[in-house]
Amino acid sequence: QVQLVESGGGLMQAGDSLRLSCAAPGRAFGNYVMGWFRQGAGKEREFVAATRWSGGYTYYADSVKGRTTISRDNSKNTVYLQMNSLTPEDTAVYYCAAARGLILSSRTSEYGYWGQGTQVTVSS
């Protein structure tokens, strides 16, 4: 069983930056893809970013490209999401997810493991 624990959400102001963490205690992922998704109130869950646990590749949604960085620290079994220049449109529950394999996918159905999510609220 893969356990993913997100942290770092909260109330922010427009223009702020956030850094979310996704910890996988005691887990070595090997050939996995790690992704970040978000779901705003009344909206479908949408892809934000993905990276291979082994590193070297990243993939971003067009809506966040240029102001978002996904990274990982293998020594801490943790994946991060750094997002700058926040707007109220970034308000959502942010989820970390893991998928077996090496294909960076934006499809929620490709990810078999999910965290509980962390709320990010951006005020104007």
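Up top is the structure these notes are about.
J.: Tell me about the environment of Asp62, residues and numbers included.
T.: Tracing the backbone through its elements, the reader meets Asp62 in the loop between strand E6 (58-60) and strand E7 (68-73). Owing to a relative accessible area of 66%, Asp62 belongs among the exposed residues under this scheme. Put simply, Asp62 and Val48 are 14 residues apart on the chain and 8.5 Å apart in space, counted from C-alpha to C-alpha. In terms of polar contacts, Asp62 uses its side chain to reach the side chain of Lys65, at 3.2 Å.

J.: Which residues make up the pattern of salt bridges, and what values go with them?
T.: Inspection of every chain in the model, using the stated rule, returns four salt bridges. As a salt-bridge pair, Asp62 and Lys65 come within 3.2 Å of each other at their nearest N and O atoms. Comparing Asp62 with Lys65, the two get one shared label, exposed. A salt bridge links Asp90 to Arg67, with the shortest nitrogen-to-oxygen separation between them at 2.6 Å. With Asp90 in the loop between strand E8 (78-83) and strand E9 (92-100) and Arg67 in the loop between E6 and E7, this pair connects stretches of sequence that are 23 residues apart.

J.: Break down the pairing of E7 for me, with residues and values.
T.: As paired strands, E7 and E8 are joined by six bridges and run antiparallel to one another. By the bridge assignment, Ile70 is partnered in E8 with Leu81. What sits between the antiparallel neighbours E7 and E8 is a turn of four residues, in which Asn77 has the positive phi angle 50 degrees.

J.: Tell me about the state of the cysteines, and please be specific about residues and values.
T.: Inspection of the entire model under this criterion finds one disulfide. With a sulfur-sulfur separation of 2.0 Å, Cys22 is cross-linked through a disulfide to Cys96. Judged by the torsion about the S-S bond (-75 degrees), the Cys22/Cys96 disulfide is left-handed. Taken together, the positions of Cys22 in strand E3 (residues 18-23) and Cys96 in strand E9 put the pair 74 residues apart, joining distant regions of the chain. With respect to burial, Cys22 and Cys96 carry one shared label: buried.

Reading the values: rules and limits
Residues numbered from 1 in each chain as written. Predicted model: local features only at pLDDT ≥ 70, side-chain atom pairs only at ≥ 80, totals over all residues. Heavy atoms only, no water. Helix = DSSP H or I, 4+ residues; strand = E, 2+ residues; numbered from the N terminus. Buried < 20%, exposed > 50% of the residue type's maximum accessible area, 1.4 Å probe, protein only. Polar contact = N/O pair within 3.5 Å; in protein donor to acceptor, adjacent residues only side chain to side chain. Salt bridge = Lys/Arg side-chain N within 4 Å of Asp/Glu carboxyl O. Pairing = 2+ DSSP bridges. Disulfide = S-S within 2.5 Å.

Honestly, that's just the spatial picture; any functional story needs more than this.
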